[in-house]
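Each chain, letter by letter, is given below.
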Amino acid sequence: MENIQEHLKDISEIRNLMEKNSKFLSLSGLSGISAGVCGLIGMAIAWYALDYDPAGRVVYGVPSMGMELFFVVLAVSVLAAALGSALFFSRRMAQRRKLPLWNATAKRMLVDLAVPLLAGGILCVIQLQQGYYDLLPGTTLVFYGLGLFTAHRHTITEVRWLAICEIGLGLLAATLPGFGLIFWGIGFGLLHIVYGTIMYLKYEK
């Protein structure tokens with residue numbers, strides 16, 4: 001009986017070791033929450049900078065070069081703040097679990113994430129140049145969701161459900177372009193906060 005228990009313990013340790021080597025387990029729920037807060041702040045700033053019709057839909061006119069630059073700077077600032085906070089909390093999580101923050105698994109995950117994000121970013125630039133401003137929120141959500149979906153195999157399963165929700169919101173934003181900023185705020189703001197809270201309570205509490 002003792003031999004069986006020892007074998008089971010050995011199998012469990014081998015499984016845990018394999019999981020540590022094949023999965024990126026340093027994602028912190030707090031990084032998701034902080035990214036969501038950054039997204040909501042960015043949405044709030046954009047909200048006050050845009051015009052709306054009586055129904056509350058965004059009126060997509062032809063913005064000046066200064067306004068285009070404003071939104072590009074805003075988007076880059078939100079992304080930088082979200083990535084910075086994610087790196088900070090992930091590094092703290094890795095130190096707590098005594099895991100490397102950067103390894104072959106993290107590299108593969110970032111490559112899988114970067115390809116759809118790069119393609120989506122290029123498409124957004126093209127849409128911006130051609131004046132398809134109403135498609136930008138949906139495009140960013142869909143390609144972000146695709147990036148998460150391709151990268152989720154290298155990390156925790158819950159990322160897959162976040163990816164599916166982001167893609168669904170992006171498609172809704174494309175269907176209802178006047179409300180794209182609201183869907184953008186839900187996807188990059190509220191969903192990240194909900195996801196981060198669940199991850200924190202499930203894995204870190």
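Let me sum up the structure you'll find in this document. (Residues numbered from 1 in each chain as written. Predicted model: local features only at pLDDT ≥ 70, side-chain atom pairs only at ≥ 80, totals over all residues. Heavy atoms only, no water.)

1. Things to note about the environment of Gly-138
Position of Gly-138 relative to the elements: it lies in helix 5 (residues 136-151). Residue class for Gly-138 comes out buried when judged on its relative accessible area of 3%. Separated by 45 residues in the primary sequence, Gly-138 and Phe-183 place their C-alpha atoms 8.0 Å from one another. (Helix = DSSP H or I, 4+ residues; strand = E, 2+ residues; numbered from the N terminus. Buried < 20%, exposed > 50% of the residue type's maximum accessible area, 1.4 Å probe, protein only.)

2. Quick word on the nonpolar core
Leu-141, Leu-148 and Tyr-195 are the most contacted members of the largest nonpolar core, which totals 26 residues. Counting residues per element, this core draws most heavily on helix 7 (residues 180-204), at seven residues. Look past the residues within four positions of Leu-141 in its chain and what remains in contact with it is Glu-166, Ile-167, Leu-169, Gly-170, Ala-173, Phe-183, Trp-184, Gly-187 and Phe-188. (Core = buried A, V, L, I, M, F, W, Y, C linked by side-chain atoms within 4.5 Å. Contact = heavy atoms within 4.5 Å.)

3. Points about the packing of aromatic side chains
Taken as a whole and judged by the stated rule, the model has three aromatic pairs. Measuring from ring centre to ring centre gives 5.1 Å for Phe-88 and Phe-89, while their planes differ by 75°; the resulting arrangement is edge-to-face. Here Phe-88 falls in the exposed class, since its relative accessible area comes to 51%. A ring pair is formed by Tyr-144 and Phe-188, whose centres lie 5.1 Å apart and whose planes are at 40°; its orientation type is tilted. Taken as a pair, Tyr-144 in helix 5 and Phe-188 in helix 7 lie far apart in primary sequence, 44 residues in all. For Tyr-144, a relative accessible area of 16% corresponds to the buried category. (Phe/Tyr/Trp six-rings, centres within 6.5 Å; stacked < 30°, edge-to-face > 60°.)

4. Considerations on a nonpolar patch on the surface
Taken together, the side chains of Val-37, Ile-41, Ile-45 and Phe-70 make up a nonpolar region of the molecular surface, amounting to roughly 320 Å² of accessible area. If one sorts the elements of the nonpolar patch by residue count, helix 2 (residues 29-49) sits on top with three residues. Considering the arrangement of structural elements, one finds Val-37 in helix 2. (Patch = residues over 30% accessible without salt bridge, like charges linked within 9 Å, V, L, I, M, F, W, Y side chains within 5 Å. Areas by Shrake-Rupley, 256 points an atom, 1.4 Å probe, with all protein chains shown as cover. Salt bridge = Lys/Arg side-chain N within 4 Å of Asp/Glu carboxyl O.)

5. Some details on helix 7
With 25 residues, helix 7 extends 34 Å between its outermost C-alpha atoms, agreeing within 8% with the 36 Å of an ideal straight helix rising 1.5 Å per residue. Approximately 30° is the largest bend angle found in helix 7, and it occurs at Ile-186. (Expected span 1.5 Å × (residues − 1). Bend = angle between axes of the 7 residues up to and from the residue.)

6. Digging into the environment of Gly-39
Looking at the element boundaries, Gly-39 is found in helix 2. According to the relative accessible area criterion, Gly-39 is buried, its value standing at 2%. Measuring from C-alpha to C-alpha, the distance between Gly-39 and Leu-79 comes to 8.3 Å, with 40 residues separating the pair along the chain. Excluding anything up to four places from it in sequence, Gly-39 contacts Val-78, Trp-184 and Phe-188.

7. Observations regarding the packing of helix 4 (residues 104-130) against helix 5
At their nearest, the axes of helix 4 and helix 5 sit 7 Å apart, and the two run at 165° to each other. Viewed along their axes, helix 4 and helix 5 adopt a mutual orientation that is roughly antiparallel. The hand of the helix 4/helix 5 crossing is right-handed. Across the interface between the two elements, Met-109, Asp-112, Leu-113, Pro-116, Leu-117, Ala-119, Gly-120, Leu-123, Cys-124, Gln-127 and Leu-128 of helix 4 pack against Leu-136, Thr-139, Thr-140, Phe-143, Tyr-144, Leu-146, Gly-147, Leu-148, Thr-150 and Ala-151 of helix 5. (Axes fitted to C-alpha atoms, helices over the stretch in contact; angles between N-to-C directions. Parallel < 35°, antiparallel > 145°, perpendicular 65-115°, else oblique. Left-handed = near helix turned anticlockwise from the far one by under 90°.)

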